[in-house]
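Coordinates in review
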Amino acid sequence: MGKVVGFPGAGKEPEGEEKLQTRQLTKEEVVELMPPLREGLLKLYPSQVQEVLQVMGFGEVRGEEVFMMGILVWKHFKNPEPIASTFLATFLGKRLDKISFLEAKRNYHDWKLMIDTYQDRFNTKEMFEKLQELRKQVFGG
């Protein structure tokens with residue numbers, strides 16, 4: 001059986017360095033993440049995503065890693081009307097790393113697993129509750 005290798009340093013504090021602190025994403029940082037989010041989506045879903053129109057998001061930063069949740073408004077090639085999707089995403093160094101959509105039947109990454117996996121570094125469960133509130137405000141119900 002092959003060797004199992006995890007993400008280097010995942011869940012560990014750097015040795016001999018100051019502990020990494022988790023903090024809230026600023027509005028400016030959310031705006032700065034729009035280009036890498038757009039580029040990542042166009043690469044991952046080239047036959048579906050025509051354009052990313054808007055993001056309503058929030059999240060946390062820990063070193064070079066970002067965990068973000070929100071609502072993405074985007075244009076599909078086959079649909080004349082914009083589509084709004086609820087998402088969870090991670091970024092590494094200003095590059096989209098993982099994304100999962102709550103409404104999608106198939107995702108590259110399972111959003112429930114992402115919440116559990118990243119809980120040791122981010123307040124993902126609390127953030128998810130905030131996302132549910134945002135979904136109710138935007139979509140109703």
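Up top is the structure.
Below you will find a few notes about this structure.

What counts, and at which threshold
Residues numbered from 1 in each chain as written. Predicted model: local features only at pLDDT ≥ 70, side-chain atom pairs only at ≥ 80, totals over all residues. Heavy atoms only, no water. Buried < 20%, exposed > 50% of the residue type's maximum accessible area, 1.4 Å probe, protein only. Helix = DSSP H or I, 4+ residues; strand = E, 2+ residues; numbered from the N terminus. Pairing = 2+ DSSP bridges. Salt bridge = Lys/Arg side-chain N within 4 Å of Asp/Glu carboxyl O.

Quick notes on the pairing of strand β3 (residues 65-76)
- With 11 of its 12 residues buried, β3 lies for the most part within the structure.
- As judged from the 12 bridges shared by strand β2 (residues 49-62) and β3, these two strands associate in the antiparallel manner. Opposite F58, over in β3, you have M69 as the bridge partner.
- Hairpin connection, β2 to β3: the antiparallel pair is bridged by two residues, and G63 has positive phi, about 65°.
- Direction of pairing for β3 relative to strand β4 (residues 83-92): antiparallel, over a ladder of 10 bridges. By the bridge assignment, F67 is partnered in β4 with T90.

Let's talk about the pattern of salt bridges
- A full pass over the atoms with the stated rule returns six salt bridges.
- Between R23 and E29 there is a salt bridge, with its nearest N and O atoms 2.6 Å apart.
- Judged by relative accessible area, E29 falls into the buried class, the value being 14%.
- In this structure, R135 engages E103 in a salt bridge whose closest nitrogen and oxygen atoms are separated by 3.9 Å.

These figures come from the coordinates and say nothing about function on their own.
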